[in-house]
Amino acid sequence: MPDPAVLEAVDVSMRFTVRGGLGRTATVRALEHVSLRLHRGRTVALVGESGSGKTTLARLFALMYQPTSGEIRLRGEPVGVRRGSTARAYYSEVQMVLQDPFASLNPMHTVRHNLRRALRLHHFDGDLEERMHELLRRVSLTPTQDFIGKLPHELSGGQRQRVSIARALAVAPKVLLGDEPISMLDVSMRLDLLNLLASLRDEEGLALLYITHDIASARYLAEEICVMYAGQLVEGGPAEQVIQNPQHPYTKLLLEASPDPARTVSAAGQSSFLPIADAGEPPSLIDPPGGCRFHPRCPVAKAECRTAFPARTSAADGHWTNCWLYTSESEAS
Amino acid sequence: MVLRFLSGWKVRAGLTVFLLFCLLALLGPWFCSSVLHISPTALDVDSVSTPPSAGHLLGTTASGQDVLAQLITGARQSMIAGLVASVLGTSIAVLVGVTAGLAGGVVDSVLTALTNVFLTMPAFALIFVISGYTQGGGPVVIGIIIGIFGWAGGTRALRSQTLSLRNRDFVVAMRMLGESRVRLALVEVLPHLIGWISAMFLGGFVGGVLAEAGLAFLGLSSASTVSWGSMISEAQQGNALLGGMWWWFAPPGLCIALLGASVTLVNFGIDEISNPRLRNARRTLVRRARQAAVKGADSDE
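For clarity, every value in this text was computed on a predicted model and none was experimentally measured.

About the criteria used
Residues numbered from 1 in each chain as written. Chains lettered and ligands numbered in written order. Predicted model: local features only at pLDDT ≥ 70, side-chain atom pairs only at ≥ 80, totals over all residues. Heavy atoms only, no water. Helix = DSSP H or I, 4+ residues; strand = E, 2+ residues; numbered from the N terminus. Expected span 1.5 Å × (residues − 1). Buried < 20%, exposed > 50% of the residue type's maximum accessible area, 1.4 Å probe, protein only. Contact = heavy atoms within 4.5 Å. Buried area = accessible area lost by both parts, 1.4 Å probe. Salt bridge = Lys/Arg side-chain N within 4 Å of Asp/Glu carboxyl O. Polar contact = N/O pair within 3.5 Å; in protein donor to acceptor, adjacent residues only side chain to side chain. 1 Å grid on protein atoms, 1.4 Å probe; cavity = no way out; pocket = protein on both sides within 12 Å on 5 of 7 lines; lining within 4 Å. Points joined across faces, edges and corners; volume = space filled by probe spheres on them. UniProt positions renumbered as here; feature names shortened; annotations may be inferred. Pairing = 2+ DSSP bridges. Axes fitted to C-alpha atoms, helices over the stretch in contact; angles between N-to-C directions. Phe/Tyr/Trp six-rings, centres within 6.5 Å; stacked < 30°, edge-to-face > 60°. Lys NZ or Arg CZ within 6 Å of the ring centre and 35° of its normal.

Thoughts on helix α7 (residues 187-204) of chain A
The α-helix winds at 3.6 residues per turn, so residues separated by three or four positions along the chain end up facing the same way.
Residues and elements named next belong to chain A.
No. 1: Compared with the 26 Å implied by 1.5 Å per residue over 18 residues, the 26 Å span of α7 between its first and last C-alpha is a close match.
No. 2: Listed in full, the buried residues belonging to α7 are L193, L194, L196, L197, A198, L200 and R201.
No. 3: Contact partners of the buried residues in α7: β3 (43-47), α4 (128-138), α6 (157-169), β7 (175-179), β8 (207-212) and α8 (215-221).
No. 4: In the stretch just after α7, G205 is the one whose phi turns positive, near 65 degrees.

Take a look at the structure:
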């Protein structure tokens, strides 16, 4: 990689303590030793099932929690949970777009209020009104004067998500964290929004973290894909390599589960969707399986999969995976 | 926002009645003595227990006092007790409830414990004992006592509302913009509680008026002040119900009921402020209904 990472997670683990009734407590092991780097002008897609810890990682990047171990680094400087003006300084570089556009805007405040607060908080000195219209144009909410006075309930889901993005852009961040930004939108709106994110990345040099469970959109938008399963990163690398040549059995399962128009009809004229025999359920993170957490669902699980998490096997093109299948191979050769 | 708030007929009717009562409380005593030339305490020995007539518009009591004069003068005492009780009760509830909900941790635990203590206190019995002790303190003292013992119920509601609001996405989003905690509380969270707070305020107001009336009815207000409660109390002691003297107890009872109704009507309108969807839904519905009616009329012709 030519330039150093803007924002990175270094060996981050996160545990939550939940209190049940009668004073019982349990520990949720949401993330285990995760490292991820975001670079200027590049998109990293984080793919995985619901509950795999994707959002937890995004929230760690947004400093909502202090990681149990490991650290978040902004340009190599470790950062912790902060308040007041130091928090504001961090948020002027790192912004997040939340999943649900119907919940992420205060129903009592207009578009103008949201944008003005963002600009004011980050000491924008210039023509506020002009800058707000510029931001709305940037996210294609035109004519801007029609939108600036609107309340959230007067906007559609896609328009609200654009307002959220405009609000995040108002602080001129270096990093944008997208926590499933398109999953709640109509399918017809999704491509538009992906293209918007791509153009923001290219034109403003944003480092983009794109969290999704939809591997097809990850392929469309991202240069790099990381696959997460039950709080562990299991595979990653250049998007095309991960999609075309998946290594980890979980990545293969994910790819098989996603509808791909090109695969629907094979040469023989039959549907080439493989019947997924028993996809299984993601494990409970309170009492996760030992070793590789995927082993109960893995069709090719071996004895060592139950006991220890495999080391990382890297290929020359930057494609890597954590799977015993490849570890033993490389040791043998 | 204020103008929109005034657009519904319920709010207008409620506000009109409420403001009339406020005016009565403010100017009533002066109006009685200077314009009507009647006194709530003067005894007219020539007409005792008379039904409404030209001389006494709402009749007289068993001891010959003018009921209308008592009704007008009594408004002030009742309203002051209600106002003091609701301002005090609501302020404590908002302060404790919102702080507990937003702060969390130890602060929340302490404030919740305090709330629970006040919640489990037998409030009316305590009000009864203390107002018996401070007899003659007048409506302000009664209002203070009611306020101090009446805030706990609303506090729990406000705390749980704040707790749920605190982790809503839009609050999280503003926090990730770097918004300060005070502004998060005042600008993002508090407006969503306006409906609750105003309902508590207005409910507390009616509660204060009723409690004052109840205490006066039980004989626990100073003998020299005239309030709606003391009027009903005296009517009861004067056997008004048995004697068929409806003009003695019905007007103060109706006034209390009317005040409560007006406050409820105002509350409907406040609900629309804190939930913008309500007002627009209504307006678009009206517009659609009108369009449909016009179309229907066109097609009939």
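Quick look at the interface of chain A and chain B
No. 1: Tallying the contact residues gives 28 residues for chain A and 22 residues for chain B.
No. 2: Taken together, the two surfaces of chain A and chain B that pack against each other cover about 2200 Å², and 61% of this comes from carbon and sulfur.
No. 3: On the chain A side of the interface with chain B, the three residues burying the most area are M108, R117 and H153 of chain A, jointly 26% of the side's total.
No. 4: Counting every contact that joins chain A to chain B gives one salt bridge.
No. 5: In this structure, the salt-bridge partner of R117 of chain A is E179 of chain B, at a minimum N-O distance of 2.7 Å.
No. 6: At the junction of chain A and chain B, the tally comes to eight residue pairs in polar contact (both at pLDDT 80 or more).
No. 7: Of all the secondary structure elements, the ones that give two or more residues to the side of chain A that touches chain B are α2 (84-91), β6 (94-97) and α3 (111-121) of chain A.

Section: the layout of surface pockets
No. 1: In this structure, the largest pocket encloses a volume near 830 Å³.
No. 2: Only α2 of chain A together with α3 (67-103), α8 (169-175) and α9 (181-189) of chain B provide two or more residues apiece to the lining of the largest pocket.

A look at the UniProt feature "transmembrane region" (unreviewed entry) in chain B
Residues and elements named next belong to chain B.
No. 1: In the numbering used here, UniProt assigns the feature "transmembrane region" (unreviewed entry) to residues 80-103, 110-134, 140-158, 184-211 and 246-270.
No. 2: Across residues 80-103 one finds 100% helix and 0% strand; the C-alpha atoms that close the span lie 34 Å apart.
No. 3: Measuring from the first to the last C-alpha atom of residues 110-134 gives 30 Å, for a span that is 88% helix and 0% strand.

Quick word on the sheet that holds strand β5 (residues 77-79) of chain A
Residue and element names in this part refer to chain A.
No. 1: Sheet architecture is open: four strands sit in the order β2-β1-β4-β5, paired in antiparallel fashion. Each of the sheet's edge strands pairs with one partner strand only, and the pair in question is β2 (25-38) and β5. Pairs of neighbouring strands in the sheet enclose a mean axial angle of 40 degrees, with direction left out of account.
No. 2: Inspection of the sheet shows strand β1 (residues 7-19) paired to strand β4 (residues 69-74) by five bridges, in the antiparallel sense. Paired with V10 across the bridge in β4 is E71.
No. 3: Here helix α1 (residues 54-61) sits on the sheet and contacts β1, β2 and β4; the angle it forms with β1, its principal contact strand, is near 115 degrees.

What about the pattern of salt bridges?
All names here are of chain A.
No. 1: Tallying each qualifying case throughout the model produces 22 salt bridges over all chains.
No. 2: In this structure, the salt-bridge partner of E224 is R42, at a minimum N-O distance of 3.8 Å. With a gap of 182 residues between them, E224 in strand β9 (residues 224-229) and R42 in the loop between β2 and β3 connect regions that are remote in the sequence.
No. 3: With a relative accessible area of 14%, E224 lands in the buried category.
No. 4: Between E304 and K302 there is a salt bridge whose closest N-O contact spans 3.9 Å.
No. 5: Relative accessible area serves as the criterion here: at 29%, E304 is assigned to the partly exposed category.
No. 6: The network of salt bridges with shared partners includes R15, R29, E32 and R293.

Digging into the packing of aromatic side chains
Residue and element names in this part refer to chain A.
No. 1: Evaluated as defined, the whole model comprises nine aromatic pairs over all chains.
No. 2: Between Y250 and F294, the aromatic rings sit 5.3 Å apart at their centres with planes inclined by 65 degrees, giving edge-to-face as the arrangement. One end of the pair, Y250, is in helix α10 (residues 249-257); the other, F294, is in the loop between α10 and β11 (313-314), and 44 residues separate them in sequence. Per residue, the accessibility class of Y250 equals that of F294, and both read buried.
No. 3: The rings of Y229, Y250 and F294 are connected pair by pair, giving a single aromatic cluster.
No. 4: Against the face of F147 rests K150, its NZ or CZ located 5.9 Å from the ring centre.

Examining the sheet that holds strand β12 (residues 320-321) of chain A
Residue and element names in this part refer to chain A.
No. 1: Spatially, eight strands are ordered β6-β7-β8-β3-β9-β10-β12-β11 in an open sheet, and the strand pairing comes out mixed. The open sheet is flanked by β6 and β11, the only strands paired with a single partner.
No. 2: Bridge analysis of β3 against β8 gives five bridges, and the strand direction is parallel. Bridging across to β8, L46 finds its partner in I211.
No. 3: On top of the sheet, α10 reaches β3, β9 and β10 (232-238); it is set at about 105 degrees to β9, its chief contact.

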